[in-house]
Amino acid sequence: MQFLFRYANPHYFMRLSGAVLPFTAIATALCLGAGLYLSFSVPPDYQQGTTVTLLFIHVPADVVAELAYGAIAVCSLLSLVWRHPLSDTAARAAAPLGALFTALGLITGALWGKPMWGTYWVWDARLTSFLLLLFIYFGYMALWNAIEDETRAARLAAILALVGVVNIPIIKFSVDWWSTLHQGESIVSGKIAPVYLWPLLLMMLGYVLLFLTLWMIRIRTAILERRARNLMQAGTR
Amino acid sequence: MNFDMGSYSVYIWPAYGVSALALAGVTLWTLVAWRRAKARLAALESAQGPTAQKS
């Protein structure tokens, strides 16, 4: 019975993700295509000029960076509390993607900061807490690689991921709590002009779908690698 | 569509370039890893014969 529970889930995931993947891949391409088209059709902003175009790749990268961390945190909780066998694999598979999107957020942010603020970087709360997110990703991945016993590595990595969750609201509210050069939230509050909102939403959706697609493929890859390892072990026994 | 970013081109195009390269790169890397894992498992399964237990 235990055996069935352990292996039923990866099988189920392979079936489900195999069916869903073509659709998320096509939807990703459509959203990014339409999003890019609209991104280069907007008029210059009255304050920021043409650099408003950076909004459409900067904010989506940041959103996915935090979303990926949230996904890791949820999977880590599932792993610690319910010992769901697939959740460690899923959490580990999301980390490099999250780190990449975090790096993209930092790079596009720096390239936006220079023309608008006069500097690539300031050590204010938003930028520093976002840089910390990148280091948490690195620490999380390093911890996985440092411990050979996979069960122990999974437990410790899950604990680290859950501790790191405190950084997420700090990033979110840093622009409200501390003085900063970074502009405040403008989507939910409706302050952003509709002409910029639509390309931004499409690009955000495209980035999120791209993350989900790549994440699913990475989990599938990890499942096959585990099967191969099990076969190798069975063969040598 | 308008690709003339004026004097801000030096900031905007590198940002788009890095993003496009990184996202295309990670997509390629993910697909290559998937194909490799699939091929390796298939090779192992055929080497162990049809009686090999699926895990």
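None of the values given here were measured: they were computed from a predicted structure.

Here's the deal with the overall build of chain B
- Secondary structure assignment for chain B yields one helix and zero strands.
- Within chain B, the proportion of its 55 residues that are buried is 13%.

Here we look at the environment of Phe40(A)
- For Phe40(A), the position within the fold is in the loop between helix H1 (2-39) and helix H2 (55-82).
- Since 17 C-beta atoms lie within 10 Å of it, Phe40(A) is described here as partly exposed.
- It is 41 Å that separates the C-alpha atoms of Phe40(A) and Trp144(A), two residues lying 104 residues apart in sequence.
- Those residues in contact with Phe40(A), other than ones at most four positions away along the chain, are Thr53(A), Met1(B), Asn2(B) and Phe3(B).

Side note on helix H1 (residues 9-47) of chain B
- Here H1(B) is 39 residues long and its end C-alpha atoms lie 56 Å apart, about the 57 Å a rise of 1.5 Å per residue gives.
- Among all positions in H1(B), only Tyr11(B), Ile12(B), Ala15(B), Ser19(B), Leu23(B) and Thr30(B) are buried.
- Buried-residue contacts for H1(B) involve H2, helix H3 (85-117) and helix H7 (194-236) of chain A.

Looking at the confidence of the model for chain B
- Per-residue confidence for chain B gives a mean pLDDT of 89; residues scoring 70 or more make up 87%.
- Listed scores for the predicted complex are pTM 0.92 and ipTM 0.89.

A look at the interface of chain B and chain A
- Contacts between chain B and chain A engage 30 residues on the former and 34 residues on the latter.
- Class assignment of the residues belonging to the side of chain B that touches chain A gives a composition of 19 nonpolar, eight polar and three charged.

Some details on the packing of H3(A) against helix H4 (residues 125-146) of chain A
Residue and element names in this part refer to chain A.
- Two elements in contact, H3 and H4, have axes separated by 9 Å at closest approach and are oriented at 155°. Classified by the angle between their axes, H3 and H4 sit roughly antiparallel to one another. The way H3 lies across H4 gives a crossing that is left-handed. From H3, Arg-92, Ala-95, Pro-96, Gly-98, Ala-99, Thr-102, Ala-103, Gly-105 and Leu-106 reach across to H4, where they touch Phe-130, Leu-131, Leu-133, Leu-134, Tyr-137, Phe-138, Tyr-140, Met-141 and Trp-144.

Notes on the confidence of the model for chain A
- Residues of chain A with pLDDT of at least 70 account for 96%, and the chain-wide mean is 92.
- Per-element confidence in chain A is highest for H4(A), whose mean pLDDT is 96, and lowest for H1(A), whose mean pLDDT is 86.

Focus: the nonpolar core
- Core analysis: the largest hydrophobic core is formed by 67 residues, its most contacted members being Ala68(A), Ile72(A), Ala94(A), Phe101(A), Phe211(A) and Trp215(A).
- Listed by contribution, the elements that provide at least two residues to this core are H1, H2, H3, H4, helix H5 (150-163) and H7 of chain A together with H1 of chain B.
- Ranked by residues supplied to this core, first place goes to H7(A) with 20 residues.

Rules of the game
Residues numbered from 1 in each chain as written. Chains lettered and ligands numbered in written order. Predicted model: local features only at pLDDT ≥ 70, side-chain atom pairs only at ≥ 80, totals over all residues. Helix = DSSP H or I, 4+ residues; strand = E, 2+ residues; numbered from the N terminus. Buried ≥ 20, exposed ≤ 12 C-beta atoms within 10 Å, placed from the backbone. Contact = placed C-beta atoms within 7 Å. Expected span 1.5 Å × (residues − 1). pLDDT = per-residue confidence, 0-100. Nonpolar A, V, L, I, M, F, W, Y, C, P; charged D, E, K, R; others polar. Axes fitted to C-alpha atoms, helices over the stretch in contact; angles between N-to-C directions. Parallel < 35°, antiparallel > 145°, perpendicular 65-115°, else oblique. Left-handed = near helix turned anticlockwise from the far one by under 90°. Core = buried A, V, L, I, M, F, W, Y, C linked by C-beta atoms within 7 Å.

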